[in-house]
Each structure stands twice: as structure tokens, then as C-alpha cells.
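Read off the chains here:
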Amino acid sequence: MGSAEQWVTIAAVLLGAMTTHLTTYAMERQRKKHELVTRWDSKKLEAYEGYVDSVRTCIFLAVHLYECREGLRDRDKPDQEILAEMSEAGRIRGRAFERIMLLAGDDVVEAAHELNAVALQVDWQANGKVEGTLEEWRQRNRAVFRAINSFHESARVDLGVDGSVSGENHPERDLLLPSARREGDNRNA
């Protein structure tokens, strides 16, 4: 075997080693990148779920207070106790919103801002900070659930989830309201 053949063999071995190293490096880098994306996606999902859950908790407490104040529900707790629960739920909602601000994309953050604005309208009417009729109350509740759906849409896009929670396959739904009360019931809406 001549020296030229030996140089070709050495060059081929070096080229093979370099190719193996670069391939391994690229694959490892891609694996770490995928791990990072997956890790952040799971954190985002937790944040989105926690935020919506906290918003819904606030809404349900506001509904409870409003219905007690308006005589639509038998009072099971004093207003002060419900207000204290609302205050704590609002604090938790604020913390959940901060996680959204840290982790979410622009569209999700904007959807969260909109959701906060309409959710506060529900809180304010429930605790008497703003006046309103029962129909205005229902409109505020419809608006907050539309905003939740909008938040869901933005979150799904941010997470890369296919499909939609609205549109032809999922038409907009209205509030689930109890059937009308009997005639003569002064609590009838």
C-alpha cells in the first residue's frame, strides 16, 4: 500500500469521524431543543389551566353572591363570608394571570387581559360596585364566557393544538339558566 493510499484512508477515517461527531452534535442539540419546548409547553398548559380555573372560581362566587343578594337563591352564608372568598379567589386569579404574563405569547396575553376586564365587570355587579339589571347581569356573564372561549382559542394556537372550540362544529352556546319560575313568584327574572 503506497503513501497516497494511506493518506486517502486517513482522510476517509477523519471525514467519517467528523461526520459522526457533527451528526451526533446536531441530533443532541435537536433533542435538547425539543425537551425545552416540551417543558415550556407543559408549564404553559398548567398556567393556562390554572388561570381559567381561577377565573371560573371567581365567576361562580360572584354568581353565588349576586343570586343571594337578589333573592334568586336561598342565603347559605353571610355576604361578608362570600366577599372574603371572592377576595381570596381574586388574589389567586391575579397570581395565575402573572404566570400567563411570564409564559404566554402575545395573543394569549391579550386574550387574558380581555378576560380579566369582563370578569371584573361580573365581580363588580355582584358586589354592588356597579348597578345593573338582571339582563345586564346575564349579558356580563355571556361576555365573560365568550372571553373564556377566546382565551381557549388563543391558548390552543400558542400550544400548537389543532382544532377549535368555536365555529361551525362548536356553535356559540348561551348561558344555562333555570326554567322560568312559576307565575306570581316575585323572584322571576
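Tallying secondary structure elements over the protein chain gives four helices and zero strands in all. The order of helices and strands in the protein chain, counted from the N terminus, is α-α-α-α. Taking all contacts inside the protein chain whose residues are at least 6 apart in sequence as the whole, residues at least 24 apart take part in 65%. Here the protein chain has roughly 12900 Å² of accessible surface; of this, 55% comes from carbon and sulfur atoms.

Another point: a nonpolar patch on the surface. Residues Trp7, Ile10 and Leu14 make up a contiguous nonpolar surface patch of about 370 Å² in total accessible area. Tracing the backbone through its elements, the reader meets Trp7 in helix H1 (residues 3-69). By relative accessible area, which is 60% here, Trp7 ends up exposed.

In this section: helix H4 (residues 134-159). With 26 residues, H4 should reach 38 Å at 1.5 Å per residue; the first-to-last C-alpha distance of 37 Å fits that figure. Backbone geometry just after H4 places Gly160 at a positive phi near 75°.

This part is about the environment of Asn127. Topologically, Asn127 is positioned in the loop between helix H3 (106-126) and H4. When the C-alpha atoms of Asn127 and Val63 are compared, they prove to be 9.9 Å apart, with 64 residues separating the residues in sequence. Setting aside its immediate chain neighbours within four residues, Asn127 contacts Leu65, Arg69 and Leu83.

Right, let's get into H3. Its 21 residues place the ends of H3 31 Å apart at the C-alpha level, agreeing with the 30 Å of an ideal helix rising 1.5 Å per residue. Considered for burial, the residues of H3 that qualify are Val108, Val109, Ala111, Ala112, Leu115, Asn116, Val118, Ala119, Val122, Asp123, Gln125 and Ala126. With its phi angle positive at about 85°, Gly128 sits one or two positions after the end of H3.

With that settled, the discussion passes to the side chain of Ser154. Mapping Ser154 onto the fold places it in helix H4. Excluding anything up to four places from it in sequence, Ser154 contacts Asp107, Val108 and Ala111.

What follows concerns the nonpolar core. Counting residues in each nonpolar core, the largest one holds 36 residues, and the members touching the most others are Tyr48, Tyr51, Ile100, Leu115 and Phe151. Contributions of two or more residues to this core are made by H1, helix H2 (79-103), H3 and H4. For this core, the leading source of residues is H1, giving 13 residues. The residues touching Tyr51, leaving out its near neighbours within four places in the chain, are Arg93, Ala96, Phe97, Ile100, Ala112, Leu115, Asn116 and Phe151.

Where H3 meets H4, the axes come as close as 9 Å, and the angle between the chain directions of the two elements is 160°. In terms of orientation, H3 lies roughly antiparallel with respect to H4. For the element pair H3 and H4, the recorded crossing hand is left-handed. Classifying every residue of the contact of H3 with H4 by side-chain character gives 15 nonpolar, five polar and four charged.

Analysis parameters
- Residues numbered from 1 in each chain as written.
- Predicted model: local features only at pLDDT ≥ 70, side-chain atom pairs only at ≥ 80, totals over all residues.
- Heavy atoms only, no water.
- Helix = DSSP H or I, 4+ residues; strand = E, 2+ residues; numbered from the N terminus.
- Contact = heavy atoms within 4.5 Å.
- Areas by Shrake-Rupley, 256 points an atom, 1.4 Å probe, with all protein chains shown as cover.
- Patch = residues over 30% accessible without salt bridge, like charges linked within 9 Å, V, L, I, M, F, W, Y side chains within 5 Å.
- Salt bridge = Lys/Arg side-chain N within 4 Å of Asp/Glu carboxyl O.
- Buried < 20%, exposed > 50% of the residue type's maximum accessible area, 1.4 Å probe, protein only.
- Expected span 1.5 Å × (residues − 1).
- Core = buried A, V, L, I, M, F, W, Y, C linked by side-chain atoms within 4.5 Å.
- Axes fitted to C-alpha atoms, helices over the stretch in contact; angles between N-to-C directions.
- Parallel < 35°, antiparallel > 145°, perpendicular 65-115°, else oblique.
- Left-handed = near helix turned anticlockwise from the far one by under 90°.
- Nonpolar A, V, L, I, M, F, W, Y, C, P; charged D, E, K, R; others polar.

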